[in-house]
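Each chain, written out:
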Amino acid sequence: MTRKGILVVVSGPSGVGKSTLCKTMTSMVAETTLSLSYTTRRPRPGERDGIDYCFVQEDRFREMIQNREFAEWAEIYGQLYGTPHSSLRQSMDSGVDVLLDIDAQGAREIMKRFSEAVYVFVVPPSLETLRTRLVHRAGDSPGEIQRRLQKASEEIQNYKSYHYLIRNDDLARATKELESIIIAERVKTDRIGVGWLVEKKLLGEGERNTDSHEMLVTKQGGQEHD
Ligand code: ADP
Ligand code: 5GP
């Protein structure tokens, strides 16, 4: 029986290191993937269409909203960003954990719809460090960087809506923490499939955990609330 993939929402201020952390996860932890967002913003130097984002015109994005193709979408710094629904669902149905690198508005939308998702908030060690990272990443104007810093302070106020908080000062440690979260979530008793315990007669048929994720997958086909 295929396990249901976990939705791992990684949010936090722009420039804090979310995409760096998420990309590392996909090469470090088996059965993980990073959701590819759509955006109307222009690519930064070095960014590739279909790899970093699907870069689309606003008309196309609005058409996708009309067609309900997004699990969530948000307007951020005057541009539109959205998580496509279909690829997310396909990955989860095939037992792959999906990482969403999205802003706090998007995370709030996902919280309303995916009660079993895991919510991780990443914070910088200081606003000064965040500024340095945004400047070094290049691609955003000084005005853009100022807007991102202002929004960062507001977003951090809501850290308590998340299950986990990662301080991204030392990248190696922050990476280890995110990896540990994913591994620990996989073995939670209400997620892990226990059919084998019954098969091996370690558990009686009547003692099977009917709330387990394995049962939810087969009986209901998902974990989403519409
Ligand atoms: P986000 O996806 O949150 O907007 P990025 O992953 O693009 O942020 O990271 C912003 C910049 O900060 C990048 O240049 C990245 O290499 C750098 N960075 C990320 N984490 C660290 C860290 N722990 N220490 C130093 N630089 C970092
Ligand atoms: P950037 O322009 O720096 O790549 O991204 C700006 C912000 O948009 C970041 O905080 C990033 O996490 C967020 N973001 C990227 N894709 C999505 C998405 O599909 N939905 C939402 N809500 N935010 C996104």
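The following paragraphs examine the structure supplied in this document. (Residues numbered from 1 in each chain as written. Chains lettered and ligands numbered in written order. Predicted model: local features only at pLDDT ≥ 70, side-chain atom pairs only at ≥ 80, totals over all residues. Heavy atoms only, no water.)

1. Thoughts on the environment of Gly95
Stated formally: Counting from the N terminus, the helices are the DSSP runs of H or I reaching at least four residues and the strands are the DSSP runs of E reaching at least two. Here the term buried applies to any residue with accessible area under 20% of the maximum for its type, exposed to any over 50%, and partly exposed to those in between, with areas from a 1.4 Å probe on protein chains only. For this analysis, residues touch if any pair of their heavy atoms sits within 4.5 Å.
Its location among the elements puts Gly95 in the loop between helix H3 (85–93) and strand S7 (97–101). On the basis of relative accessible area, Gly95 is assigned to the buried category, the value being 5%. Sequence separation between Gly95 and Lys4 is 91 residues; the distance between their C-alpha atoms is 4.7 Å. Excluding residues within four positions of it along the chain, Gly95 makes contact with Thr2, Arg3, Lys4, Gly5 and Glu31.

2. Notes on the site of ligand 2
Defined as follows: Here, proximity means that at least one heavy atom of the residue falls within 4 Å of the molecule or strand. Within 3.5 Å is the distance limit for a polar contact, defined as a pair of N or O atoms, with the added protein rule that one can donate a hydrogen and the other accept it, and that residues adjacent in sequence qualify only through two side-chain atoms. Areas reported as accessible are Shrake-Rupley estimates using a 1.4 Å probe. Residue values count occlusion only from the protein chains shown.
Taken together, the neighbourhood of ligand 2 is formed by 18 residues, with Ser37, Arg41, Tyr53, Glu72 and Tyr81 sitting nearest. Asp103 has a polar side-chain atom sitting 2.8 Å from a nitrogen atom of ligand 2. The separation between an oxygen atom of ligand 2 and a polar side-chain atom of Arg148 is 2.8 Å. Bound to the protein, ligand 2 loses 95% of the 510 Å² it would expose on its own. Of all elements in the fold, only strand S5 (70–76) and strand S6 (79–84) reach the threshold of two or more residues within the shell around ligand 2.

3. With respect to the sheet that holds S7
What counts here: If DSSP finds at least two bridges between two strands, the strands pair. Every axis in this analysis is a line fitted to C-alpha atoms, fitted for helices over the stretch in contact. Angles between the N-to-C directions lie between 0 and 180 degrees.
Pairing in this open sheet of five strands is parallel, and the strands run S2-S7-S1-S8-S9 from one edge to the other. Of all strands in the sheet, those with a lone pairing partner are strand S2 (32–34) and strand S9 (164–167), marking the two edges. Shown here is a sheet whose adjacent strand axes are inclined to one another by a mean of 25 degrees, direction ignored. The pairing of S2 with S7 spans three bridges and is classified as parallel. In the strand pairing of S7, Leu34 is matched with Leu99. Across the face of the sheet, H3 comes into contact with strand S1 (7–11), S2 and S7 while running at roughly 150 degrees to S7. Taken strand by strand, helix H7 (residues 171–186) contacts S1, S2, S7, strand S8 (118–123) and S9, and its axis lies near 160 degrees from that of S9.

4. Focus: the packing of aromatic side chains
Counted only if it meets this: Classification of ring pairs rests on two measures: the distance between centres of Phe, Tyr or Trp rings, Trp counted by its six-membered ring, which must be within 6.5 Å, and the angle between planes, read as stacked under 30 degrees, edge-to-face over 60 and tilted in between.
Within this structure, the stated rule accounts for six aromatic pairs. With 5.9 Å between their ring centres and 65 degrees between their planes, Tyr53 and Tyr81 make a pair best called edge-to-face. Taken together, the residues Tyr53 in the loop between strand S3 (38–39) and strand S4 (54–55) and Tyr81 in strand S6 connect sequence positions 28 residues apart. By relative accessible area, Tyr53 is classed as buried at 18%.

5. Description of unusual backbone geometry
Unlike most non-glycine residues, Glu31 shows phi in positive territory, near 60 degrees. By the element assignment, Glu31 lies in the loop between helix H1 (18–28) and S2.

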